[in-house]
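# Descriptive structure summary
The residues making up each chain are set out below.
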Amino acid sequence: MDRRNFVKSSLVTAGGAILAGHSRSANALPAPHQPFAPQSASDYTPDHIPGAIPASAIDSARFPDGFLWGMASAAYQVEGAWNIDGKGESNWDRFTHTIGKIKGSDTGDVACDQYHRFKEDIAILKRLNQKSYRFSTSWARIQPTGTGPVNQKGIDHYSRLVDAILEAGIRPFCTIYHWDLPQALEDRGGWPNRDLASYYADFCGALAKHLGDRLTVWAPFNMPWTFTYYGYGIGVFPPQKTGFDRFLRAAHTVNLAQGMGFRAIKAASSKATVGSAYGMAPAYPKTNSPADIAAAARYHAMNNLYFLTTAMYGKYPDAFIGPVPYAAMDYRPGDDKIMKVPLDWLGFHYYTRRIVSDATSTCVSGPSGHFGTETEGEGGASARDPLTQIHVEMPTEGPLTDAGLEIWPTGMYDLVTQISREFHNPIIEISENGCSFLDSPDDTGHVPDQRRIRFHQQHLAELARAIRDGARVRAYHAWSLVDNFEWADGYTQRYGLTYVNFRTQKRTIKDSGLWYGRVAASNHLRV
Ligand code: IFM
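Below: a short report on this structure. For every chain, the first residue of the written sequence is number 1, and numbering continues from 1 onward in sequence order. Local features in this predicted model are restricted to residues whose pLDDT is 70 or higher, and side-chain atom pairs enter the listing and the counts only when it is 80 or higher, whereas totals over whole chains, interfaces and linings include all residues. Calculation of side-chain values draws on the structure's entire complement of heavy atoms; hydrogens and water are dropped beforehand.

## Considering the overall build of the chain
The way it works is that DSSP assigns letters per residue, a run of H or I at least four long becomes a helix, a run of E at least two long becomes a strand, and they are numbered from the N terminus. Regarding its fold elements, the chain presents 18 helices and 14 strands. In this scheme, a residue with accessible area under 20% of its type's maximum is buried, one over 50% is exposed, and one in between is partly exposed, where area comes from a 1.4 Å probe on protein chains only. A burial count over the chain gives 62% of its 527 residues as buried. Note on contacts: a residue pair is in contact if any heavy atoms of the two residues lie within 4.5 Å. Long-range pairs, those at least 24 residues apart, make up 76% of the contacts in the chain between residues at least 6 apart in sequence. When the accessible area of the chain is evaluated, it comes to approximately 18,600 Å², of which 54% is carbon and sulfur surface. Only the protein chains shown count as covering a residue, and every accessible area follows the Shrake-Rupley method with a 1.4 Å probe.

Below, the structure is given as structure tokens:
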């Protein structure tokens, strides 16, 4: 489809969305799932791996001049220095210091020691021709107990970091909150406590006041559905609370916080642009039955749009079987106005797809889930939760990463074009895309991680196709700059384009990192 037709169809779909409310967004969902049906063993040859993109699409993919090639990381996963220079304890410090929570009893106490080694890491970004570095800030480093005066040493650290990124000719992109909450705020009830919205806005205002003269690109939250649902709905992340109502309250506070934080950033920095870093997955209906199509639309509303529709329109998307459960959320008059802050650009991650089916007629076993930030689902055909009544599967037709996630590059095209259609062709940034493979240095000191090169090549080819069809994508951030602390999986997964020896902190750029550096220099994928 050419750009004009794509944009025309976006406006028709988006216009319909405004007139008819959100439920008809089912019409815009990816086509129903077509299970891979191998006829013979040759269907599994390298040229015909389920989900793979043809080599010709990789050869012909081109990115526009000025495209922002980037890499991403997050404070708790890379910084270490957990109790240095006045930093307070965070929820993840408390969680990892409790035996039995993390694989191998690993902690982020040292992680990649980026707090002390950020210059070395920025030199890697520069060497690899990067144009954008997405990092996050530790709230407990700035306000050790989450409220009150700022800790100047914390501000000084991020100020030095931003200066070093700019000096390298790279755009700093700050995610304000990537899951590490001051423990003192968790002790006051955590995100279900509505007061956190204004504490968070104060934190945003302080950051923008001190860094906003140089830093212009802000995302308030990383993957808000994940930390609210995992932390308060199913209890696999700190503080390990459970209950769908508790999740709804936490998510509503975060929606308020997003709106209040947005205004605080803009008030403190006239140069600020505010977008997002949502986790998203294209939802393919399991069959073409109306029930499964509606269930996939509920997944999309709950997992992809729950913090986006609220910002853009001040209202919740149609994620529920019944009416919006306002009472359970502690929704108050005027909250629509607080939440509504049309974002300047939309950032979202893509890792893998979901297959969704209706579960309204099957018995509800209560919420469940697993560790891992991109993993969800449950045994049997029961509903994931009582109010969306969907059954979510993580398919395994395509090849799997070492973290067990299916590689499905077309999901990138489907998701980017779907969001473009639904939100009037906004400016998009891919805030994360990546894979865990455990390759390590060989005898010659190289890390030959061909599978990671192939992963990024294929996803980027699909991103280039979406751009060719009219999507306004301006940036792509590979997750991650360096191998790092992978939450409950500790150091057992490696997402980095740079290998880290966690005993010595020695960095070795993997073959994928060197390849990605050439891509960034040429805007081509076959380099
Ligand atoms: O490491 C995480 C990151 O913190 C959030 N997005 C997914 C990544 C890989 O699981």
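## Structural notes on the side chain of Ser136
Inspection of the secondary structure puts Ser136 in strand S2 (residues 132–136). Any pair of nitrogen or oxygen atoms within 3.5 Å is treated as a polar contact; in protein, a donor-acceptor pairing is required on top of that, and neighbouring residues in sequence qualify only through side-chain atoms on both sides. For Ser136, the side chain forms a polar contact with the main-chain nitrogen of Ala75, separated by 2.7 Å. Among residues more than four places away in sequence, those in contact with Ser136 are Ser73, Ala74, Ala75, Glu79, Tyr158, Thr175 and His178.

## A look at the pairing of strand S12 (residues 472–479)
Two faces, one strand: in a regular strand the side chains alternate between the faces of the sheet. Where burial is concerned, most of S12 is hidden: 6 out of the 8 residues are buried. The sheet contact formed by strand S1 (residues 68–72) and S12 spans 5 bridges and is parallel. Following the sheet pairing, Trp69 is matched in S12 by Tyr476. Two strands are counted as paired when DSSP detects at least two bridges linking them. By the bridge criterion, 5 bridges tie strand S11 (residues 427–433) to S12 in an arrangement that is parallel.

## Section: the packing of aromatic side chains
Ring geometry is summarised as follows: Phe, Tyr and Trp rings, the Trp one being its six-membered ring, pair when their centres sit within 6.5 Å, and such pairs are stacked at plane angles under 30 degrees, edge-to-face over 60 and tilted between the two. Under the defined criterion, the tally for this structure stands at 45 aromatic pairs. Between Trp139 and Phe203, the ring centres sit 4.9 Å apart and the planes meet at 5°, which makes this aromatic pair stacked. Residue Trp139 is located in helix H6 (residues 139–142), and its partner Phe203 is located in helix H9 (residues 196–211); the two are separated by 64 residues in the primary sequence. Taken individually, Trp139 and Phe203 each receive the classification buried, so the pair is uniform in this respect. Residues Tyr200 and Phe203 carry aromatic rings whose centres are separated by 6.4 Å and whose planes lie at 70° to one another, so their mutual orientation is edge-to-face. Residue Tyr200 and its partner Phe203 are both found in helix H9; the two are separated by 3 residues, about one turn of the helix. Given a relative accessible area of 0%, Phe203 falls into the buried group. A ring is scored as having a charge over it whenever the NZ atom of a lysine or the CZ atom of an arginine sits within 6 Å of its centre and within 35 degrees of its normal. Over the ring of Tyr229 we find Arg384; its NZ or CZ atom is 5.4 Å from the centre of that ring. Here Arg465 stacks its cationic end above the ring of Tyr413, 3.6 Å away from the centre of that ring.

## Notes on the sheet that holds strand S4 (residues 217–221)
One open sheet accounts for 9 strands, arranged S5-S4-S3-S2-S1-S12-S11-S8-S6; its pairing is parallel. Unpaired on one side and paired on the other, strand S5 (273–274) and strand S6 (278–280) mark the two borders of the sheet. Relative to S5, S4 is paired through 2 bridges, and the arrangement is parallel. Within S5, the position partnered with Val217 by the bridge is Thr273.

## Focus on the side chain of Asp439
Tracing the sequence through the fold places Asp439 in the loop between S11 and helix H17 (450–468). Classification of Asp439 as buried rests on a relative accessible area of 17%. In terms of polar contacts, Asp439 uses its side chain to reach the side chain of Arg451, at 3.4 Å. In this view, Asp439 contacts Val447, Pro448, Asp449, Arg451 and Tyr499; residues no more than four positions away in its chain are not counted.

## A look at the nonpolar core
In this structure, Trp191, Tyr200, Trp218, Val416, Leu463 and Tyr476 are the most contacted members of the largest nonpolar core, which totals 131 residues. The greatest single-element share of this core, amounting to 11 residues, is contributed by helix H11 (residues 244–268). In this text, buried Ala, Val, Leu, Ile, Met, Phe, Trp, Tyr and Cys residues form a nonpolar core when linked through side-chain atoms within 4.5 Å.

Any functional reading would require information beyond the geometric quantities listed.
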